[in-house]
Amino acid sequence: PTLDGSFNIVDQSDQLRLLKEVLQKHNIQLKSNTGAGGGSSNDIRPITVLNAISLLNTRDAMRIGGSRGSKQQDDDDDDILNKMSRKVYQIATEIQTPFQRAK
């Protein structure tokens, strides 16, 4: 098989760079504005958001497969929420589509 030119390999550093660009375009800050030096316990690392988007993509791919009933889909959503904070989930769902388009 040959590649048609629309296929790109994007490594993790490229994904993180793109993620930061998308976050900036959507005015989403991962760091709290405490004014003090150093990180805050409320800061969210970009890799955390990237991993959350990956979980959402996996969930969505399983739904497209059509083998999951609505009860299973609800369980999948609960499982995803147990793996991340509500804030991370909110950010990931907000930028999932724009991030995919940027890749």
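Source: prediction; values computed, not measured. (Residues numbered from 1 in each chain as written. Predicted model: local features only at pLDDT ≥ 70, side-chain atom pairs only at ≥ 80, totals over all residues. Heavy atoms only, no water.)

Colleague: I keep staring at the overall build of the protein chain and nothing clicks. Help me out?
Modeller: Counting its secondary structure elements, the protein chain contains 4 helices and 0 strands. Counting every position in the protein chain, which comprises 103 residues, the buried fraction comes to 24%. In the protein chain, 72% of the contacts between residues at least 6 apart in sequence involve partners at least 24 apart. As displayed, the protein chain has an accessible area near 7300 Å², and 47% of this comes from carbon and sulfur atoms. (Helix = DSSP H or I, 4+ residues; strand = E, 2+ residues; numbered from the N terminus. Buried < 20%, exposed > 50% of the residue type's maximum accessible area, 1.4 Å probe, protein only. Contact = heavy atoms within 4.5 Å. Areas by Shrake-Rupley, 256 points an atom, 1.4 Å probe, with all protein chains shown as cover.)

Colleague: Would you mind going over the nonpolar core with me for this structure?
Modeller: The nonpolar side chains of a soluble globular protein tend to be buried with one another. Of all hydrophobic cores here, the largest spans 20 residues; its most connected members are Leu19, Val49, Ile91 and Ile95. With 6 residues, helix α2 (residues 46-64) is the largest single contributor of residues to this core. Ignoring any residue separated from it by four or fewer positions in sequence, one finds Val49 in contact with Leu19, Leu30, Ile44, Ile91 and Ile95. (Core = buried A, V, L, I, M, F, W, Y, C linked by side-chain atoms within 4.5 Å.)

Colleague: Even after reading the chapter, I still don't get the environment of Ile91, so can you show me in this structure?
Modeller: Residue position: Ile91 is located in helix α4 (residues 86-102). Between the alpha carbons of Ile91 and Ile28 there is a distance of 7.9 Å; along the sequence they are 63 residues apart. Filtering out sequence-adjacent residues up to four positions away, Ile91 remains in contact with Leu23, Ile28, Leu30, Ile44 and Val49.

Colleague: Even after reading the chapter, I still don't get the packing of α2 against α4, so can you show me in this structure?
Modeller: Each pair of packed helices gets described by two things: the angle between the helix axes and the distance between those axes. Two numbers describe how α2 lies on α4: the axes approach to 9 Å, and their chain directions differ by 75°. In terms of orientation, α2 lies roughly perpendicular with respect to α4. Where α2 abuts α4, its residues Thr48, Val49, Leu50, Ala52, Ile53, Leu56, Asn57, Arg59 and Asp60 lie against Val88, Tyr89, Ile91, Ala92, Thr93, Ile95, Gln96, Phe99 and Gln100. Its residues assigned to classes, the contact of α2 with α4 comprises 11 nonpolar, 5 polar and 2 charged. (Axes fitted to C-alpha atoms, helices over the stretch in contact; angles between N-to-C directions. Parallel < 35°, antiparallel > 145°, perpendicular 65-115°, else oblique. Nonpolar A, V, L, I, M, F, W, Y, C, P; charged D, E, K, R; others polar.)

Colleague: How do you make sense of the side chain of Gln96 when you look at a structure like this?
Modeller: As for its position among the elements, Gln96 is in helix α4. Looking at Gln96, its side chain comes within polar contact range of the side chain of Asp60, at 3.0 Å. Not counting the four nearest positions on each side in its chain, Gln96 is found in contact with Ile53, Leu56, Asn57 and Asp60. (Polar contact = N/O pair within 3.5 Å; in protein donor to acceptor, adjacent residues only side chain to side chain.)

Colleague: Would you explain the pattern of salt bridges in this entry?
Modeller: Where charged atoms from two side chains of opposite charge come close, those side chains can pair. Evaluated as defined, the whole model comprises 2 salt bridges. Salt-bridge contacts for Arg17 lead to Glu21; the nearest nitrogen and oxygen are separated by 3.2 Å. In this pair, Arg17 and Glu21 both sit in helix α1 (residues 12-25), 4 residues apart, roughly one turn of the helix. A residue is classified by how much of its surface remains accessible, and Arg17, at 43% relative accessible area, is partly exposed. Relative accessible area serves as the criterion here: at 35%, Glu21 is assigned to the partly exposed category. For the salt bridge of Asp60 with Arg59, the shortest nitrogen-to-oxygen distance reads 3.0 Å. (Salt bridge = Lys/Arg side-chain N within 4 Å of Asp/Glu carboxyl O.)

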